[in-house]
Amino acid sequence: MRSGFFKTGVILLLISTMFTGCGRHDNPEETVAESATPEADVHNNELIKVGFAQVGHESDWRIAATESAMETFSEKNGFDLLYVDANNDPDMQMGAVRSFIEQKVDYIVIDPIVTKGWNSIMKEAKKAGIPVFIIDRMIDCDEDLYVAWFGSDFVAEGEAAGAWLEAYLNDKGRGNDNIDIAVIAGTEGSSAQIGRSKGFDRYIDSKPNWNKLDETDGEFTKNGGRRVMDEYIKKYDNIDVVVCQNDNEAWGAMEALKSVGKKYGEEGTVIISFDAVYDGLSDVLEGNINADFECNPLSAPYVADAIRKLDRGEQVTKKINYIDEACFQHEDNIKSIVVNGHTMDMITVTWDVLLERAY
Ligand code: GYE
């Protein structure tokens, strides 16, 4: 059913590395003594100890990502998981990574809240011989400080939204109208926000009749979306399009519009969203959200595979994979869009599409 193969979507990038799972094997006795929980001692003293510093619990997408990580790094699968929910606080997240280093975990997995500020802690992990994996969002640091990154091409997602909007407005005969656009951004300084803004801005910059009224941080939450949209409604008389950088923000924006009797979706202000979680797609089905651009939250299994490889002493070599991510719309009017030279099908959401949704 999900025919839209988002070639540029999720990029699984395994960087040539010197890491060979040394953390766990440097001193096995010490590792077993420290890593095993009492229960694990009984069942299996060879569990791989993984510290995972998660962003927080701000969105439905995030909950799906966390559930997938918990399932993937379970004892049943041979892991002893130390999990920290950083509650969207970069200092807390860096503190969690530091404590993983102190606890001598075998591997560290980070989904970084923001891109900046990681260099010194990454160097500490490297010095301690603990391989680090980055998932979902990216950090700015030297490539030799982490083993691999598994995440989405957020710039391509933003461009897809721009390409769809262009096609949609043309289809409505509004291609040459002045279009006022308000953006509710995700957490400022996160690579998801930076990428989606950059991709969409390429379209804004190339279209003299598209006017970006504003872009404000809605922190990827429903409350943030509501707060920002309330402000926009007070500030601007006319908004043609609201770009919400995730589904939770879209729900907040819709609530704000509804509270002042403004129509949205197929009947009013165009709503664009990202993530395409189950409840987001159900709003696309109902016509409340016009188009939704998928981001895949299930990257933990790829990390687990790479860890197992390293743990067996195998090298992880440079590799780029693409996972399918799709583009969804309410109306069946746009067949496909072109992003980065790749043609992507637009999938019109039906009950069948919705029922196939895994998250
Ligand atoms: O879009 C949002 C979440 O980093 C891609 O973070 C992720 C984003 C996702 O809170 O819902």
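Residues numbered from 1 in each chain as written. Predicted model: local features only at pLDDT ≥ 70, side-chain atom pairs only at ≥ 80, totals over all residues. Heavy atoms only, no water.

Here the focus is helix α5 (residues 90-102). In an α-helix, one turn spans 3.6 residues, which is why side chains three or four residues apart end up on the same side. Taking 1.5 Å of rise per residue, 13 residues should cover 18 Å, and α5 covers 19 Å from first to last C-alpha, within 8% of that figure. Of all the residues in α5, the buried ones are Gln93, Met94, Ala96, Val97, Phe100 and Ile101. Seen from one end, α5 has its buried residues packed into an arc of 150°, which puts them on one side. In this structure, α5 carries Asp91 and Glu102 as exposed residues pointing more than 90 degrees from its buried face. (Helix = DSSP H or I, 4+ residues; strand = E, 2+ residues; numbered from the N terminus. Expected span 1.5 Å × (residues − 1). Buried < 20%, exposed > 50% of the residue type's maximum accessible area, 1.4 Å probe, protein only. Arc of directions from axis to C-beta.)

With that out of the way, let us pick up the confidence of the model for the chain. The pLDDT averaged across the chain works out to 87; a share of 85% of its residues lies at or above 70. Counted against residues more than four places away or in other chains, residues 1-44, with its pLDDT under 50, gives 129 contacts. (pLDDT = per-residue confidence, 0-100. Contact = heavy atoms within 4.5 Å.)

Mapping Val183 onto the fold places it in strand β7 (residues 179-185). When the C-alpha atoms of Val183 and Ser197 are compared, they prove to be 8.6 Å apart, with 14 residues separating the residues in sequence. Ignoring any residue separated from it by four or fewer positions in sequence, one finds Val183 in contact with Lys212, Asp214, Glu215, Thr216, Tyr232, Val243 and Gln245.

Here we come to the site of the ligand. Contacts to the ligand come from 13 residues, most closely from Glu58, Asp136, Arg137, Arg196 and Asp275. Separating an oxygen atom of the ligand from a side-chain N or O atom of Ser59 is a distance of 2.9 Å. Note that an oxygen atom of the ligand is positioned 2.8 Å from one of the side-chain N or O atoms of Arg137. Computed on the free molecule, the ligand has an accessible area of 300 Å², of which 100% lies beneath the protein chains in the complex. Mapped by element, the contributors of at least two residues to the shell around the ligand are α4 (60-72) and α8 (191-206). Across the shell around the ligand, the residue classes tally to 5 nonpolar, 2 polar and 6 charged. Two domains each donate at least three residues to the shell around the ligand, and these are domain 1 (24-152 + 297-323) and domain 2 (154-295 + 328-355). (Near = heavy atom within 4 Å. Polar contact = N/O pair within 3.5 Å; in protein donor to acceptor, adjacent residues only side chain to side chain. Areas by Shrake-Rupley, 256 points an atom, 1.4 Å probe, with all protein chains shown as cover. Nonpolar A, V, L, I, M, F, W, Y, C, P; charged D, E, K, R; others polar. Domains from an automatic or database assignment.)

The geometry of α4 relative to helix α12 (residues 300-311) is characterised by a closest axis approach of 8 Å and an angle of 30° between their N-to-C directions. One finds that α4 runs roughly parallel with respect to α12. Relative to α12, α4 is oriented so that their crossing is right-handed. Contacts between α4 and α12 involve Ser68, Ala69 and Thr72 from the first element and Ala300, Pro301 and Ala304 from the second. For the contact of α4 with α12, the residue count by class is 4 nonpolar, 2 polar and no charged. (Axes fitted to C-alpha atoms, helices over the stretch in contact; angles between N-to-C directions. Parallel < 35°, antiparallel > 145°, perpendicular 65-115°, else oblique. Left-handed = near helix turned anticlockwise from the far one by under 90°.)

To continue, consider the nonpolar core. Ile184, Met229, Tyr232, Ile271 and Phe328 are the most contacted members of the largest nonpolar core, which totals 38 residues. Of all elements in the fold, only α4, β7, α9 (222-235), β9 (241-244), α10 (247-259), α11 (278-286) and α13 (351-355) reach the threshold of two or more residues within this core. Looking at this core element by element, the count peaks at 6 residues for α10. Split by domain, this core shows at least three residues from each of two domains, domain 1 (24-152 + 297-323) and domain 2 (154-295 + 328-355). If we ignore the near neighbours within four places in the chain, the residues touching Phe328 are Ala276, Leu281, Asn290, Ala291, Asp292, Glu294, Met346, Ile347, Val349, Val353 and Arg357. Membership of the second largest hydrophobic core comes to 28 residues, among which are Ala160, Ala161, Ile204 and Ile334. (Core = buried A, V, L, I, M, F, W, Y, C linked by side-chain atoms within 4.5 Å.)

Burial of β9 is two-sided: the residues Val241 and Val243 facing one way and the residues Val242 and Cys244 facing the other way are all buried. For β7 and β9, the ladder comprises 4 bridges, and the chain directions are parallel. Looking across to β9, one finds that Ala182 is bridged to Val242. What joins β9 to strand β10 (residues 270-275) is α10, and the crossover it makes is right-handed. (Pairing = 2+ DSSP bridges. Right-handed = clockwise from strand over helix to strand, strands pointing away.)

Of the two faces of strand β5 (residues 132-135), the one holding Val132 and Ile134 and the one holding Phe133 and Ile135 are both buried throughout. As defined by bridge partners, strand β4 (residues 107-110) adjoins β5 across 3 bridges and the pair is classed as parallel. Note that in β5 the partner of Ile108 across the bridge is Val132. Between β4 and its parallel partner β5, the chain crosses via helix α6 (residues 119-127), and the hand of that crossover is right-handed.

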